[in-house]
Amino acid sequence: MKRSQLSIMNRSFTKLNERRSTLIYNEDTINLKQRVQKIRKNSVEHLHLLLEKAQENLTANGMEVILAKDAEEARESIYQLIKNEDMIAKSKSNTAGEIQLSEYLESRDVEVLETDLGDRIVQFHTSRPTHPIGPACHLNMEKIAEVVSDKFQREVKAEPRAILETVKKDILEKLSQCKVGITGANSVAAEDGSLLMVHNEGNISLLTMLDLHIVLVGIDKLVPTLEDAMSVVKLETIYATGKTVPAYMNVVSSPSKTADIEQILLKDMYGAKRVVLIFLDNGRSRALEEKEECLWCIGCGACIVNCPVYTTLGPDFGYLRHLGGRGIVLSHFIENDEVCYDSGLYQCTLCGLCTVECPLEIPTNNMLEDLRKESVKKGLYLEKHGEIRENIRKRGSSFKQET
Ligand code: SF4
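Here the structure is a predicted model, which means the values were calculated and not measured. Throughout, residues of each chain are indexed from 1 in the direction in which the sequence is written. Where totals are concerned, whole chains, interfaces and linings use all residues; where local detail is concerned, this predicted model gives features only for residues with pLDDT of at least 70, and gives and counts side-chain atom pairs only at 80 or more. Hydrogens and water are ignored here; the side-chain numbers use all heavy atoms of the structure.

(A) Representation of the overall build of the protein chain in the model. Secondary structure elements follow DSSP: runs of H or I no shorter than four residues count as helices, runs of E no shorter than two count as strands, and numbering proceeds from the N terminus. When helices and strands are tallied, the protein chain shows 19 helices and 14 strands. Over its C-alpha trace the protein chain gives a radius of gyration of 22 Å, about what one expects of a compact globule, namely 22 Å for 403 residues. Relative to all contacts within the protein chain whose residues are 6 or more apart in sequence, the contacts with residues 24 or more apart total 73%. As presented, the protein chain carries roughly 19,200 Å² of accessible surface, and 50% of it is formed by carbon and sulfur atoms. Under this rule, positive means Lys or Arg and negative means Asp or Glu; His and the chain ends count for nothing. Each charge is placed at NZ for Lys, CZ for Arg, CG for Asp and CD for Glu. Counting 51 positive and 59 negative side-chain charges, the protein chain places the averaged centre of each group 5 Å from the other. The quantity called the radius of gyration is restricted to C-alpha atoms. Its globule counterpart is 2.2 Å times the number of residues to the power 0.38. Residue contacts are defined here by distance: any two heavy atoms, one from each residue, within 4.5 Å place the two residues in contact. The accessible surface values rely on the Shrake-Rupley method and a 1.4 Å probe; as for residues, cover is taken only from the protein chains in view.

Structure (structure tokens):
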């Protein structure tokens, strides 16, 4: 990543830190944080039970549920649902980034319309998102105006309203041709059979109105009830944006329906005719057995904002849309030791700042240290570390050199 982009990203992170600095230490937030810690730990502990309940209740509510064991299965399931479409609309989703859904669909001639402004800008710029909630925070206004001007082949002023109106107009025109919307979900309430999605732009509300709404979500997003899900997304909003609530919280519990005529249930009023939920495992069950703490995450991105390595390297430190140290841990379970090594296993300083910043106190540094021990046994370590080991083995000192 370019140095200029890193410094713009870090400026955004500083603003975010300032915005949330008092909020995260007030009594209400501390109480909420403690409540969410219990909810998440308990949910992860009973993940497979919650998954069974969720399948049962979501199906009873009229949604279709597909279990995808890995990225390939998830991509193929989605493709089978949309194969007759030329274009689909999509909202921000780290899980879609994890399975490289956009790249896959485009390789099969399906155009992907990103509807989140930041994601659309990143799509035009063809760079990698740098924050889970603010994907374009590495680009300044002048650069964004240049990217948008290039895209539309006309001059767009470096002024926020001009940029917003230009991108919005194009998205809305294209959206009117889409029949399928793909979103993620921030939390899934197993007992209620409900999905909770938060957003600020209103784009997810639009996508839920298309004929087919596909929701791609990791199995780790499960919690028992809608009240639990609300607590989770509230805390996520505070840590991710420095605001107490997002502009929108959409709860989806079934396709569109009405019973306004003599209590006769009719489907297909204004919203989606079909809602299909794809639960993605992709290594999460493995993580559950070995390092369940990495599944506590609520996706706020607080771990990267002050990480000394992420703020120096940007998204090269992490795995796809799972940015920073926790992303590296996940890559071990989603992929393998080699990918984990390449994602930055040895770049972490083990300072533990991410654990301090994380509202769930996920011990990322400890997990990375454990993974390094495993990695060494498999011969994956830095060359210099190997030399030091050899020195110790042969000459009893890490510093002694050959004479
Ligand atoms: S322990 Fe590693 S991942 Fe966590 S803040 Fe420090 S350098 Fe970043």
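(B) Here's a closer look at the side chain of H138. Inspection of the secondary structure assignment puts H138 in the loop between α7 (117-125) and α8 (141-152). H138 gets classed as buried once you look at its relative accessible area, which sits at 1%. N or O atoms within 3.5 Å of each other form a polar contact, as long as, within protein, one can give a hydrogen and the other can take it, and as long as residues adjacent in sequence are counted only when both atoms are side-chain atoms. Of note is the side chain of H138, whose polar atom sits 3.4 Å from the backbone oxygen of P135. Ignoring any residue separated from it by four or fewer positions in sequence, one finds H138 in contact with M1, Q5, I8, M9, V122, H125, S127, R128 and T130. Only protein chains enter the calculation, and the probe is 1.4 Å; a residue is then buried if its accessible area is under 20% of its type maximum, exposed if over 50%, and partly exposed in between.

(C) Examining the state of the cysteines more closely. Any two cysteine sulfur atoms lying within 2.5 Å of each other are counted as a disulfide. Counted according to the given criterion, the structure contains zero disulfides. Between C303, a free cysteine, and C297, which holds the nearest cysteine sulfur, the sulfur-to-sulfur gap is 6.4 Å.

(D) Spatial organisation of a nonpolar patch on the surface. In this scheme, patches are assembled from residues that exceed 30% relative accessible area and form no salt bridge. Like charges are connected within 9 Å, while nonpolar side chains (Val, Leu, Ile, Met, Phe, Trp, Tyr) are connected within 5 Å. Whenever a carboxyl oxygen of Asp or Glu lies within 4 Å of a side-chain nitrogen of Lys or Arg, that contact is scored as a salt bridge. Nonpolar side chains collect at one region of the surface, where M230, V245, M249 and V251 lie side by side and expose about 280 Å² of accessible area between them. Its location among the elements puts V245 in the loop between α11 (226-241) and β9 (248-252). In this structure V245 comes out as partly exposed when scored by relative accessible area, which is 46%.

(E) Quick look at the sheet that holds strand β2 (residues 87-90). When DSSP finds at least two bridges between two strands, those strands are taken to pair. With parallel pairing, the six strands of this open sheet are ordered in space as β1-β12-β7-β4-β2-β3. For this open sheet the edge positions go to β1 (64-68) and β3 (111-114), each flanked by a neighbour on one side alone. Taking the axes of each pair of neighbouring strands and ignoring which way they run, one obtains an average angle of 25 degrees across the sheet. Direction of pairing for strand β7 (residues 212-218) relative to strand β12 (residues 274-280): parallel, over a ladder of seven bridges. Residue pairing in the sheet places L212 in a bridge with R274 of β12. Every angle, taken between N-to-C directions, lies between 0 and 180 degrees, and every axis is a line fitted to C-alpha atoms, over only the stretch in contact when it is a helix.

(F) Structural view of empty space enclosed by the protein. Lining residues are defined by having an atom within 4 Å of a point belonging to a cavity or pocket. Those points lie on a 1 Å grid over the protein atoms alone, cavities being sets where a 1.4 Å probe fits but cannot get out and pockets being open sets with protein on both sides within 12 Å along at least five of seven lines. Grid points are joined across faces, edges and corners, and a volume is the space filled by probe spheres set on the points. This model, assessed by the stated rule, comprises two cavities of 30 Å³ or more. In this structure, the largest cavity encloses a volume near 110 Å³. Taken together, 15 residues form the lining of the largest cavity, with C307, F317, C348, C351 and C354 sitting closest to its centre. Looking at the lining of the largest cavity, the elements that each hand over two or more residues are α17 (353-357) and α18 (364-377). For the lining of the largest cavity, the element with the highest residue contribution is α18, accounting for three residues. In this count, Pro and Cys sit with the nonpolar residues alongside Ala, Val, Leu, Ile, Met, Phe, Trp and Tyr, while Asp, Glu, Lys and Arg are called charged and the others, Gly among them, polar. Partitioning the lining of the largest cavity into residue classes produces 10 nonpolar, five polar and no charged. In terms of lining residues, the second largest cavity is bounded by R40, N186, S187, D220, K221, V223, V232, C297 and I298.

(G) Focus on the pattern of salt bridges. Here the structure, examined in full by the defined rule, presents 26 salt bridges. Salt bridges sharing common partners tie together K69, D70 and E73.

(H) Spatial organisation of a negative patch on the surface. A grouping of D86, E103, E106 and E111 is seen on the molecular surface, where their side chains present a negatively charged patch. Inspection of the secondary structure assignment puts E111 in strand β3.

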